[in-house]
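These are the residues of each chain, in order.
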Amino acid sequence: MWRARRAAEACKVCQSLVNARYAVRGPLPLLRLHLISRSLHHLRPLPARPRRPHLPVSCQPFSSLSHLPLRRWKLSPAKPGYQPRRHFWPARLAARLLRLRYLLLGSAVGGGYTAKKTFDQWKDMVPDLSDYKWIVPDFVWQLDEYIDFEKLSQALPDSESLARLLPDLDKLAGSFSLLKDFFSTGHTLVSEVVGASDPLLLLGTSGETAFRATDASESDRQFKKVSDKEKVEQLQEELLRTQLKYQRILERLEKENKELRKLVLQKDDKGIHHRHLKKSLIDMYSEVLDVLSDYDASYNTQDHLPRVVVVGDQSAGKTSVLEMIAQARIFPRGSGEMMTRSPVKVTLSEGPHHVALFKDSSREFDLTKEEDLAALRREIELRMRKNVKEGCTVSPETISLNVRGPGLQRMVLVDLPGVINTVTSGMAPDTKETIFSISKAYMQNPNAIILCIQDGSVDAERSIVTDLVSQMDPHGRRTIFVLTKVDLAEKNVASPSRIQQIIEGKLFPMKALGYFAVVTGKGNSSESIEAIRDYEEEFFQNSKLLKTSMLKAHQVTTRNLSLAVSDCFWKMVRESVEQQADSFKATRFNLETEWKNNFPRLRELDRNELFEKAKNEILDEVISLSQVTPKHWEEILQQMLWERVSTHVIENIYLPAAQTMNSGTFNTTVDIKLKQWTDKQLPAKAVEVAWETLQEEFSRFMTEPKGKEHDDIFDKLKQAVKEESVKRHKWNDFAEDSLRVIQHNALEDRSITDKQQWDAAIFFMEEALRGRLRDTEAVLENMVGPDWKKRWMNWMGRTQEQSIHNETKNELEKMLKCNEEHPAYLASDEITTVRKNLESRGVEVDPCLIKDTWHQVYRRHFLKTALSHCNLCRRGFYYYQRHFVDSELECNDVVLFWRIQRMLSITANTLRQQLTNTEVRRLEKNVKEVLEDFAEDSEMKVKLLTGKRVQLAEDLKKVREIQEKLDAFIDALHQEK
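These lines cover the structure that appears in this document, whether it is placed above or below. (Residues numbered from 1 in each chain as written. Predicted model: local features only at pLDDT ≥ 70, side-chain atom pairs only at ≥ 80, totals over all residues. Heavy atoms only, no water.)

1. Digging into the pattern of salt bridges
- A full pass over the atoms with the stated rule returns 40 salt bridges.
- Ionic pairing is found between Asp283 and Arg404, a salt bridge with its closest N-O pair at 3.8 Å. Here Asp283, found in helix α13 (residues 273-295), pairs with Arg404, found in strand β5 (residues 399-405); they are 121 residues apart in sequence, far enough to count as distant. Like Asp283, the residue Arg404 is buried in the burial classification.
- Residue Glu688 pairs with Arg644 through a salt bridge whose shortest N-O separation is 3.4 Å. With a gap of 44 residues between them, Glu688 in helix α26 (residues 682-703) and Arg644 in helix α24 (residues 630-658) connect regions that are remote in the sequence.
- Using a relative accessible area of 30% as the deciding quantity, one classes Arg644 as partly exposed.
- Through salt bridges with shared partners, one network takes in Arg588, Glu592, Glu604 and Arg960. (Salt bridge = Lys/Arg side-chain N within 4 Å of Asp/Glu carboxyl O. Helix = DSSP H or I, 4+ residues; strand = E, 2+ residues; numbered from the N terminus. Buried < 20%, exposed > 50% of the residue type's maximum accessible area, 1.4 Å probe, protein only.)

2. So, the state of the cysteines
- Summed over all chains, the structure comprises one disulfide.
- What pairs with Cys873 in a disulfide is Cys891, and their sulfur atoms sit 2.1 Å apart. Looking down the S-S bond of the Cys873 and Cys891 bridge, the torsion is -100 degrees, so its handedness is left-handed. Of this pair, Cys873 sits in the loop between α33 (847-872) and α34 (877-881) while Cys891 sits in the loop between α34 and α35 (892-936); the two residues are 18 residues apart in sequence, bridging distant segments of the chain. Each member of the pair, Cys873 together with Cys891, is buried. (Disulfide = S-S within 2.5 Å.)

3. Looking at the sheet that holds strand β2 (residues 344-350)
- Strand order in the open sheet formed by nine strands is β4-β3-β5-β2-β6-β1-β7-β8-β9, and the pairing between neighbours is mixed. Single-partner strands in this sheet number two, and they are β4 (365-366) and β9 (514-517).
- Judged from the six bridges that link them, strand β7 (residues 449-455) and strand β8 (residues 479-484) form a sheet pairing that is parallel. Each bridged residue has a counterpart across the sheet, and for Gln454 the counterpart in β8 is Leu483. (Pairing = 2+ DSSP bridges.)

4. Quick word on the packing of aromatic side chains
- One pass over the structure, following the stated rule, counts 14 aromatic pairs.
- Seen in terms of ring centroids, Phe481 and Tyr515 are 5.8 Å apart; in terms of plane orientation they differ by 50 degrees. Their pairing is tilted. Taken together, the residues Phe481 in strand β8 and Tyr515 in strand β9 connect sequence positions 34 residues apart. The exposure classification of Phe481 matches that of Tyr515, with both residues buried.
- Taken together through their ring pairs, the aromatic side chains of Trp642, Tyr654, Phe764, Phe862 and Phe897 make up a single cluster.
- A cation over an aromatic ring shows up here: Arg700 above the ring of Phe701, its NZ or CZ 4.6 Å from the ring centre.
- Positioned above the aromatic ring of Phe611, the side-chain terminus of Lys941 is 5.6 Å from the ring centre. (Phe/Tyr/Trp six-rings, centres within 6.5 Å; stacked < 30°, edge-to-face > 60°. Lys NZ or Arg CZ within 6 Å of the ring centre and 35° of its normal.)

In structure tokens, the structure reads:
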């Protein structure tokens, strides 16, 4: 029983092992069990011919070393009824040992394979850095070729020599600290070469400056005491050569990086976002300063944003230093004369191409081309001359210029006119004071960085700008001193220690944050920036000032200067910009409160918006002018033309012709005078009347009140637009020629076709004569004084002259009553008779007074007679049709007035057509041109749109714009951090 149970358990164990090892599912036949298991546990008799069946592929044993099947066991077949012995433990032990060997080998090989596979997966996950090999320059792998360490070690003295030469080891360690740091880590040497790129080198304590050179005089005194001075000098020269080698290496690296930046910035889709952010940041800050310059041109306390202010004496090299920083010769130049006549704000930023453009222009100047550089210099000079007003030499108006290029340091610089000591001929008397006021206005900004330029080739005692800078920044917390023309100074100055005193800040009374020495060329205006930079490097490499440790490496070259100025500029920006933003927020709140209290129901329209509103109103009024009806035009033209020519028609045509004796002479005289009038005066007079009519209608539309919607703030602008448009308008010259033909044909026509036209001519004649009669009676009344009714009613009296005129008038009227057909002129005997009659009554008169009185008396008599004759001609149309045959009535004067009336009607119609078809459109075009010109002229808008409301709206707009730009700039600045 226990054997059967044991065999069953063994079968289960074997089956589970085989299933787990050979991935066999389902019950396993007995013949498929391992031979040893079958021989040990299964006691039933085997068949007569036992055969070991062929195992399937899925159940064949395998090894981790190979995929070949293991060698099968070769056992002799058991006989029937055979029962094995129980001494089986050696076989079992051997089988287990063999199995353990294979397990260990399989585990080792499998683990190695798994580790290799994991390593390959990790390797595939690592990014391919082969595309970034260009980041590491080639000279890094060749650094040992540039530094001869073996030669340097040989130049160093041994320990015994050093101990003998320099017994004081503590002082020796202080003197050679720089050499020790160079050989230990190399960091100090690189920082010395890079210079002012570390802002900590600029910022020192309040009592000392960070850019001062180490005190080499004490070391020199120590070296003089020793006997082996030559070895120490050789060591210093070797160290200087090593520094210069590093300098050249860094210059080469900078040049390569500049080219790489240019290539990277040109790839818009693969560009470096950090560089793009820097470029946008300085542009945003420059826009803030541009808006501030428009809002607050004097840079008073409302504007405390940082900017680099470049000041110096005239011809000290300010512009040359600025050009070296901008890496382009962009400013006008002259030998000894004043070239900078107004402040120039230069915004430096990084970009793929070296270009320059003005704030108010879209033209880009390629700074790599000489013709573009020349054009840029001419444009700057023209803008300076334009800013300078008549009678002045300099101007406070700022010219804004943006310069972009690879490798440029981001900053905003302002080049000011050079400070002068004497006003020469050709300058305005107040030039010196104006330059001082402009410089002080920029330097009194507590956050402005003052770049003080001093000419090193002249005596320090002649400097003017240093006193001015020391007044504005007495503690030197925001001043950087730059000594130019050091090459000339080294040649001309007898004592080189004087240059060292200037750089150490011991010679001038002013204090500074940092001191620099630069060379800006040989004085040739045609030198390129590359040539100047090479000359500067060559000079400082061979200069005794560096060899004798009077100057440090980080205190020379304009490249180190630009790095230091840029770091100071951005440090100042980060410290002050948020405070300025808060200041403008408070200013905005105050302005908005003032607007609500003074103009609660009006929109906040600035000057440009008000101009656009006025422009739309003016254009609407001009359009309304084209909508005037033809009837209205003709009525106005006819009325104004008759008022202009009526005097000539009555005095020079009608009255002379009426003095003739018959109708034939009357018509001949009228035709001749009308022809002369038409050829010479009438067309020009008609065009003049039409032009005045157009002006009056245009003025009426422009000045007509619009009720409650009328805004008197536009009155001055509308008046100026009207006057300028009228001044520019010229009538068509061909109008007179065509009008002359039309008028001549109209006056030659004498055929009145119907009774209605006849009655209209009589009415026109009566109106004209009555008007003249009223004028004549008014003249007579003024001549003779009031009549008895007015004297009694109004308590008025006559003067002695009026009394004489009255007596003369009465005498002349008696003569007219005797002869009502008296001619228009008095004869000499008639004048004598009148004078004697008046003298007989005690009235002394002059013959001229008699003639003047007679003219008015006869004129009134003639007009009354003509009016009575006109009344008789009302029934004369029938006789006119019969040409006044067999009739004593002659109405030729009615025909004359009909001809005049018809000519007026035809002329008015012709002028109306020309007005509506041509002149109104031309006037509308002139108005649009005037408005466009005014829109571009900011001074004109300031002159025509004035008042507290306009100024308050302007301030509100500017302050809001400044605040918005400042907020955007601060956000970008925080993102860059």
